[in-house]
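# Results of the structural survey
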Amino acid sequence: MDFIDYYKVLGVDKKASIDEIKKAYRKLARKHHPDLNPNDEEAEKRFKRVNEANEVLSDPEKRKKYDEYGKDWQHAEEFEKAKRSRSQQGRQGDYSGYTYSRSGGSAQDFSDFFESMFGGGGAGFGSRGQRVRFRGQDYNAELQLSLMDVYSTQKQTLTVNGKNIRLTIPAGIEDGQTIKIKGHGGPGVEGGPSGDLYITFSIINNTAFKRDGANLYKTVEIPLVKAVLGGEIQVDTLTGKVKLKVAPGTENGTKVKLKGKGFPKYKKEGQFGDLYLTYTVKMPKNLTPEQKSLFESLEKTNLT
Amino acid sequence: MKEEHYISIKTFCERHGVRESFVYSMYEYEILQVEYDEDDGKLHVEDLPLLEKMVRLHNELNINPEGIQAVHHLLSQVESLQQEVTSLKKKLDTLE
């Protein structure tokens, strides 16, 4: 757990007045506010830090304590007392307080340093006695699956905040796709509706195929002689091997489409994308004397 | 639509400490829909996350309703561009 220089966070002098602190805070809050920086986790982290710095420096009591003990906070008896008192009280329900539009309520709004020094709680950003709380908090979760996992529809049970949620994951879900599970977020306050649970899927592709939606792409090497004379090759698809005819005179970079051999289309049962193969003609290396001689014979025929 | 899917504007404003005129201005700027039950305005719960975001921008950053309309418009564009970038990155990945 590292010491946090709250003055540095807000970019103000240690002798800064309350007005200067407020001004610096407002300026940084406008820049890093999560609602103004959608899908930017870094901005959210910076915002929380700015929020925390303001929480301490704009409160004369907290600021005094922070200034007094500063870097020696770990050894201060007072902090230990505060910590003990906090653990006895337990965390109050709205500890994290502030809910971002798509942010999880489980994310801590204050650092370990802050908690050790001042205990849990804290009013949260822009409190002024009024906090946005009526509808329950939205929760975010990430689920990592392999590409083959999402080739078929599957059922999983997730445990989110102690509750088991049965989830049907449709085949063909995309990497980075987020689904909303309505009403499975935090409970509403004073009759407000519950928040929602957002699950973002991280699909790990450890196959030889590249994926774009329901279409798959793969590069296949074919021997030079087969490219020139034509023939048959065997190619791996996601579900097994297929035999393909290679036309005589196939050029490097030729593309072939295998209809319906791609990935399942999301929420379109029984429909599949296509598999696109790109042929790479493999140049023979380490020729035997006989093979070299045959190529030399070819050369004499003025083959171009 | 079931009644439980709506929240009265009055209740929402009491909980959030905002004036009803703020919510109606969001309606005027076409940021959200307002339904009427006789004379009482009500909000669909699906619109609550968006409205709560607007309340935060208003309360926490002192942005007035006109500013919120502009922010809303620009954020929609940002989100649309982010989706486009993600989609193009995936396409680029298949070409590499």
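### Considerations on the overall build of chain A
In terms of regular secondary structure, chain A is built from 8 helices and 11 strands. The burial tally for chain A puts 26% of its 304 residues in the buried class. When contacts within chain A are restricted to residue pairs at least 6 apart in sequence, long-range pairs at least 24 apart make up 57% of them.

### Overview of the overall build of chain B
A tally of helices and strands in chain B yields 4 helices and 3 strands. Here chain B holds 96 residues, and 24% of them are scored as buried. Counting contacts in chain B only where the partners sit at least 6 residues apart, residues at least 24 apart contribute 53% of the total.

### Examining helix α1 (residues 9–16) of chain B
Residue and element names in this part refer to chain B. For α1, every residue scored as buried is listed here: Ile9, Phe12, Arg15 and His16. On an axial view of α1, the arc spanned by its buried residues comes to 130°, and they lie on one face. Close packing links the buried residues of α1 with β1 (6–8), α2 (20–28), β3 (40–44) and α3 (48–61). Positive backbone phi, approximately 65°, marks Gly17, located one or two places after α1.

### Considering the sheet that holds strand β1 (residues 139–146) of chain A
Residue and element names in this part refer to chain A. Strand order in this open sheet of 3 strands is β1-β5-β4, and the pairing throughout is mixed. Every other strand in the sheet has two partners, leaving β1 and β4 (178–181) as the edge strands with one partner each. The sheet shows a mean angle of 25° between the axes of neighbouring strands, direction not considered.

### Here we look at the nonpolar core
Core analysis: the biggest nonpolar cluster contains 18 residues, and Tyr6(A), Leu10(A), Tyr25(A), Val50(A), Ala53(A) and Leu57(A) have the highest contact counts within it. Listing elements by their share of this core, those giving two or more residues are α1 (6–10), α2 (18–32), α3 (41–57) and α6 (112–118) of chain A. Ranked by residue count, the leading element in this core is α3(A), at 5 residues. With near-sequence residues (within four places) excluded, Leu10(A) lies in contact with Ile21(A), Ala24(A), Tyr25(A), Leu28(A), Val50(A), Ala53(A), Asn54(A) and Leu57(A). Ranked by size, the runner-up nonpolar core spans 15 residues in total, among them Phe134(A), Met26(B), Ile31(B) and Leu51(B).

### Things to note about the confidence of the model for chain A
All names here are of chain A. Per-residue pLDDT for chain A has a mean of 83; in total, 82% of the residues score no lower than 70. A low-confidence stretch, residues 87–108 (pLDDT under 50), is modelled with 41 contacts involving residues beyond four sequence positions or located in other chains. Within the model, pLDDT remains below 50 along residues 124–131, and this stretch shows 13 contacts once partners closer than five positions in the same chain are excluded.

### Looking at the packing of α2(A) against α3(A)
All names here are of chain A. Contact geometry of α2 with α3 gives a least axis separation of 9 Å together with a crossing angle of 165°. Taken together, the axes of α2 and α3 lie roughly antiparallel to each other. Crossing hand, α2 versus α3: left-handed. Contacts between α2 and α3 pair Ile21, Tyr25, Leu28, Ala29 and His32 from the former with Ala43, Arg46, Phe47, Val50, Asn54 and Leu57 from the latter. Residue composition of the contact of α2 with α3, grouped by class: 8 nonpolar, 2 polar and 1 charged.

### What to know about the sheet that holds β3(B)
Residue and element names in this part refer to chain B. The strand order across the open sheet built from 3 strands is β1-β3-β2, with neighbouring strands paired in antiparallel fashion. Either end of the sheet is taken by a strand with one partner, and the two such strands are β1 and β2 (35–37). Strand-to-strand twist of the sheet, defined as the mean angle between neighbouring strand axes without regard to direction, takes the value 45°. As paired elements, β2 and β3 share 3 bridges and run antiparallel to each other. The residue of β3 that forms the bridge with Tyr36 is Gly41. The strands touched by α1 are β1 and β3; relative to β1, the strand with the most contacts, the crossing angle is about 70°.

### Quick notes on the confidence of the model for chain B
Residues and elements named next belong to chain B. Looking at chain B as a whole, its pLDDT mean stands at 89, while 96% of the residues score no less than 70. The spread of mean pLDDT over the elements of chain B runs between β2, the lowest at 87, and α2, the highest at 94. The ipTM value of the predicted complex is 0.83, and its pTM value is 0.68.

### Comments concerning unusual backbone geometry
All names here are of chain B. The backbone of Glu30 shows a phi angle near 60°, a positive value even though the residue is not glycine. Owing to 10 C-beta atoms within 10 Å, Glu30 belongs among the exposed residues under this scheme. You will see that Asn62, though not glycine, has its phi angle at about 55°, which is positive. A count of 11 C-beta atoms within 10 Å places Asn62 in the exposed class.

Calculation criteria
- Residue positions are given per chain, counting from 1 as you read along its sequence in written order.
- Chain letters start at A and ligand numbers start at 1, both assigned in the order the entries are written.
- Predicted model: local features are reported for residues with pLDDT of at least 70 only, side-chain atom pairs are reported and counted for 80 or more only, and whole-chain, interface and lining totals are derived from all residues.
- Numbering of helices and strands runs from the N terminus, with a helix taken as a DSSP run of H or I at least four residues long and a strand as a DSSP run of E at least two residues long.
- Once C-beta atoms are placed from the backbone, each residue is buried if 20 or more other C-beta atoms lie within 10 Å of its own, exposed if 12 or fewer, and partly exposed for counts between those two.
- C-beta atoms are first placed from the backbone for all residues, and any pair lying within 7 Å is then listed as a contact.
- Summarising the geometry, the arc corresponds to the directions from the helix axis toward the C-beta atoms.
- What makes two strands pair is DSSP finding at least two bridges between them.
- Orientation is described by lines fitted to C-alpha atoms, with helices fitted over the stretch in contact, and by angles between N-to-C directions that extend from 0 to 180 degrees.
- Joined through C-beta atoms within 7 Å, a set of buried Ala, Val, Leu, Ile, Met, Phe, Trp, Tyr and Cys residues constitutes a nonpolar core.
- Every residue is assigned a pLDDT by the predictor, reflecting its confidence on a scale from 0 to 100.
- Roughly parallel covers angles under 35 degrees, roughly antiparallel covers those over 145, roughly perpendicular covers 65 to 115, and oblique covers all other angles.
- Definitions for this section: a left-handed crossing has its near helix turned counterclockwise from the far helix by less than a right angle. A right-handed crossing has that turn clockwise.
- Only Asp, Glu, Lys and Arg are considered charged in this grouping, and only Ala, Val, Leu, Ile, Met, Phe, Trp, Tyr, Cys and Pro are considered nonpolar; every other residue, Gly among them, is considered polar.

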